[in-house]
Amino acid sequence: MILGQISDLHIKTDGKKSYRVVDTAESLRRCVAQVNGLRQKPDAVVITGDLVDFGKPSEYDFLRKLLAPLRMPYYLLPGNHDERQALRAAFPDHAYLQQGGERIEYVIDDHPLRIVALDTVIPRSSNGALAPGSLRWLDDVLAAQPHKPTVVAMHHPPFATGIGHMDDIGLAQSDIQALEAVVRKHPQVERVLCGHLHRSIQRRFGGTVASTCPGVSHQVLLDLDPQAASCFVMEPAGFQLHWWDEVGRGLVSHTAFVGEFEGPYPFYDGDGLID
């Protein structure tokens, strides 16, 4: 199985650019076209939050149109820029969005790789939080299928990154420790997939790996000064492909960049290695 991951879309309406710079709608159009054009297409795509910029119904309506060309199932989860009820209203056919009561938390069992989504949203706040009930639910869900390989998807990553202004709007340390204790109990968790950071970052976590996906348009500036200013850069947009290797029993992750680049060029011709 190949699971795609797209994150931090920040879709606006009326042709507006995010932060007056980023054409997030065009960035997503290019990403969708590139995912559809892959030689080995994902079996499904998980979209890890900050779907739109201000949680407006009109933004979600526009998002739905932008995602419509995707040729595989896709699963949405909210980030700190999202509004749960507006998201649910715009995607009434996505029944999984109704699984978690107030919070958007769900399980997808339709694929060789199980997908469990956690909601880290605090309404009208950039910070994230995990509810005690969510952690109990996660523990129960993972215990129910201990032999099925699983990814846990969430918006805020459960680790500090060194990018100070982003760590300031992350999860509390108590939530991180509580989640790590749950994940450590369930060795079938192959990865904790996150967004929020607009960069590709990895950390060992709870006996597995937690990682973040690059933004589909703009990236957070890589500055590890704890007092660094909150800034973004127009580094190449990206998405990820997580390849489940049934034979090797492991999940392998690849980061791809959105755009048109020269190549591919061969390493070899009829006479061997090209000098």
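Bear in mind the structure is a predicted one, so any value in this text is a computation, not a measurement. (Residues numbered from 1 in each chain as written. Predicted model: local features only at pLDDT ≥ 70, side-chain atom pairs only at ≥ 80, totals over all residues. Heavy atoms only, no water.)

1. With respect to the overall build of the protein
Selection criterion: Put simply, DSSP marks the helices as runs of H or I at least four residues long and the strands as runs of E at least two long, and each gets a number from the N terminus on. The classification of residues rests on relative accessible area computed with a 1.4 Å probe and restricted to protein chains. Under 20% of the type maximum is buried, over 50% is exposed, and intermediate values are partly exposed. Here, two residues are considered to be in contact whenever any of their heavy atoms come within 4.5 Å of each other. All accessible areas in this document rest on Shrake-Rupley with a 1.4 Å probe, and a residue is counted as covered only by the protein chains that are shown. Note on charges: Lys and Arg go in the positive column, Asp and Glu in the negative column, and His and the chain ends are not counted at all. To locate a charge, the coordinates of NZ of Lys, CZ of Arg, CG of Asp or CD of Glu are taken.
Across its full length, the protein holds 6 helices and 15 strands. Counting only residues that meet the buried cut, the protein has 53% of its 275 residues in that class. The long-range share in the protein, meaning contacts at least 24 apart out of those at least 6 apart in sequence, stands at 66%. Total accessible area computed for the protein in this model is approximately 13000 Å², and 53% of it derives from carbon and sulfur atoms. Between the centroid of the 26 positive side chains of the protein and the centroid of its 34 negative side chains there is a distance of 4 Å.

2. A word on the sheet that holds strand E12 (residues 238–245)
What counts here: Paired strands, as defined in this entry, are two strands with at least two bridges between them according to DSSP. Helix axes are fitted only over the stretch in contact, all axes being lines through C-alpha atoms; the angle between N-to-C directions runs from 0 to 180 degrees.
The strand order across the open sheet built from 5 strands is E3-E2-E1-E12-E13, with neighbouring strands paired in mixed fashion. Two strands in the sheet have a free side with no partner beyond their single neighbour: strand E3 (74–77) and strand E13 (250–257). Put simply, the sheet's adjacent strands are angled 20 degrees from each other on average, direction ignored. Here strand E1 (residues 2–6) pairs with strand E2 (residues 44–48) via 4 bridges, running parallel. Across the sheet, residue Ile 6 finds its bridge partner in E2, namely Ile 47.

3. Some details on helix H1 (residues 24–36)
The cut-off we apply is this: Here the expected length of a helix is defined as 1.5 Å per residue gap, with one fewer gap than residues. For this quantity, the arc is that covered by the directions from the helix axis to the C-beta atoms.
With 13 residues, H1 extends 18 Å between its outermost C-alpha atoms, agreeing within 8% with the 18 Å of an ideal straight helix rising 1.5 Å per residue. For H1, every residue scored as buried is listed here: Thr 24, Ala 25, Ser 27, Leu 28, Cys 31, Val 32, Val 35 and Asn 36. Along H1, the residues classed as buried sweep out an arc of 165 degrees about the axis, all on the same side.

4. A word on the sheet that holds strand E7 (residues 189–194)
Consider a sheet: its strands pair through backbone hydrogen bonds, and that pairing is either parallel or antiparallel. Strand order in the open sheet formed by 6 strands is E4-E5-E6-E7-E9-E8, with mixed pairing between adjacent strands. Of all the strands in the sheet, just strand E4 (106–108) and strand E8 (201–205) have a single pairing partner and so form its edges. Across the sheet, the mean angle from the axis of one strand to that of its neighbour is 20 degrees, orientation sign disregarded. Bridge count between E4 and strand E5 (residues 114–117): 3 bridges; the pairing is antiparallel. Each residue of the ladder has a partner; that of Val 107, found in E5, is Val 116. Seen against the sheet, helix H4 (residues 132–144) touches E4, E5, strand E6 (150–153) and E7 and runs at an angle of roughly 170 degrees to E5. Docked against the sheet, helix H6 (residues 173–184) engages E7, E8 and strand E9 (208–212), running at close to 65 degrees with respect to E8.

5. Some words on the packing of H4 against H6
In a packed pair of helices, the relevant descriptors are the angle between the two axes and the axis-to-axis distance. Rules: Between 65 and 115 degrees an angle is taken as roughly perpendicular, under 35 as roughly parallel, over 145 as roughly antiparallel, and anywhere else as oblique. Here the nonpolar group is Ala, Val, Leu, Ile, Met, Phe, Trp, Tyr, Cys and Pro; Asp, Glu, Lys and Arg are the charged ones; every other residue, Gly included, is treated as polar.
Their axes nearest at 10 Å, the elements H4 and H6 cross at an angle of 10 degrees. Considering their axes alone, H4 and H6 lie roughly parallel with respect to each other. Facing Leu 135, Leu 138 and Asp 139 of H4, the residues of H6 in contact are Ala 178, Leu 179 and Val 182. Its residues assigned to classes, the contact of H4 with H6 comprises 5 nonpolar, no polar and 1 charged.

6. As for the packing of aromatic side chains
Counted only if it meets this: Two rings belonging to Phe, Tyr or Trp (six-membered ring only in the last case) form a pair when the distance between their centres is within 6.5 Å. Interplanar angles under 30 degrees mark stacking, angles over 60 mark edge-to-face geometry, and anything in between is tilted.
Using the criterion set out here, one finds 4 aromatic pairs in the structure. When the centroid spacing of 5.4 Å and the interplanar angle of 40 degrees are considered together, the rings of Tyr 19 and Phe 232 count as tilted. Taken together, the positions of Tyr 19 in the loop between E1 and H1 and Phe 232 in strand E11 (residues 232–233) put the pair 213 residues apart, joining distant regions of the chain. On the basis of relative accessible area, Tyr 19 is assigned to the partly exposed category, the value being 45%. Seen from their ring centres, Tyr 75 and Tyr 96 are 5.4 Å apart, and the 80 degrees between their planes marks the pair as edge-to-face. Residue Tyr 75 is located in strand E3, and its partner Tyr 96 is located in the loop between helix H3 (84–90) and E4; the two are separated by 21 residues in the primary sequence. Looking at Tyr 75, the relative accessible area reads 6%, which means it is buried. Pairwise contacts between aromatic rings join Tyr 75, Tyr 96 and Tyr 106 into one cluster.

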